[in-house]
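Structural description and commentary
Letter by letter, the chains look like this.
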Amino acid sequence: MSKIAIFFGPLKGAVNRVADKVKDAIGEEKVEMVPVKDATVADLEKYDKIIFGISTVGKETWHATYNNVDWAKFLPEIGKTNYEGKKLAIFGLGDHVTYAATFVDHIGLLAKELMANGGTLAGKVPADDYEFDESEAVEDGKFLGLPVDEDFEPELTDERVKNWIEQIRPEFGF
Ligand SMILES: Cc1cc2nc3c(=O)[nH]c(=O)nc-3n(C[C@H](O)[C@H](O)[C@H](O)COP(=O)(O)O)c2cc1C
């Protein structure tokens, strides 16, 4: 069976923590961890099953981010390949209290970039499960990936990850 890649960044923060939980839930031996920091399109092309881990730490554009340099560097690579036939899913870290009007926006930015390049996403979750005002990550009442809030709802993370892994399991076939 081909390995599932978790492309994640930045290192050592909440995304990294949740990426480890996702890896453990799937089974370490089935997963390849790929920090986006030094990854390129060639790394993306190696895998048919990819889970992306991202946080929202900036404003409207990737280039406005000042904290998430890993993703700002990697985003241009995303558009250099086609995702037709690949299994894709995204989890995204955010803070639904302080940033209720831009909650996990970068799930939306990344999802739209993938979809513009032929990708379809597994693992959408109902927006009704979360409290927030606005998010660019919502389409037709669903988040385009799994939002996780380690700042204000860390106690919900394990359950969220567990349920989400069960949701995407049939699609990814792990
Ligand atoms: C400067 C800054 C801006 C942020 N902007 C947003 C935001 O617009 N929307 C959101 O949902 N969370 C926002 N957050 C919260 C982060 O996404 C959250 O703390 C996340 O867990 C960070 O994960 P990381 O340390 O792995 O990057 C922001 C955090 C910081 C420090």
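Note that the coordinates shown come from a computational prediction; the quantities given were computed from them, not determined experimentally.

1. Some remarks on the site of the ligand
Around the ligand, the surrounding shell holds 17 residues, and the nearest of these are Val15, Ser55, Thr56, Thr102 and Asp151. For the ligand, an oxygen atom lies 3.1 Å from a polar atom in the backbone of Asp95. A distance of 2.9 Å separates an oxygen atom of the ligand from a polar backbone atom of Val104. Within the complex, 81% of the 650 Å² of free accessible area of the ligand lies under protein.

2. Here we look at the packing of helix H3 (residues 69–78) against helix H4 (residues 105–116)
Contact pair H3 / H4: the axes reach a minimum separation of 10 Å and the direction vectors enclose 20°. Overall, the two elements H3 and H4 adopt an arrangement that is roughly parallel. The element H3 and its partner H4 pack so that their crossing is left-handed. Taken together, the residues of H4 that come into contact with H3 (itself represented by Trp71, Leu75 and Ile78) are Leu110, Glu113 and Leu114. Considering only residue class, the contact of H3 with H4 consists of five nonpolar, no polar and one charged.

Cut-offs applied
Residues numbered from 1 in each chain as written. Predicted model: local features only at pLDDT ≥ 70, side-chain atom pairs only at ≥ 80, totals over all residues. Heavy atoms only, no water. Near = heavy atom within 4 Å. Polar contact = N/O pair within 3.5 Å; in protein donor to acceptor, adjacent residues only side chain to side chain. Areas by Shrake-Rupley, 256 points an atom, 1.4 Å probe, with all protein chains shown as cover. Axes fitted to C-alpha atoms, helices over the stretch in contact; angles between N-to-C directions. Helix = DSSP H or I, 4+ residues; strand = E, 2+ residues; numbered from the N terminus. Parallel < 35°, antiparallel > 145°, perpendicular 65-115°, else oblique. Left-handed = near helix turned anticlockwise from the far one by under 90°. Contact = heavy atoms within 4.5 Å. Nonpolar A, V, L, I, M, F, W, Y, C, P; charged D, E, K, R; others polar.

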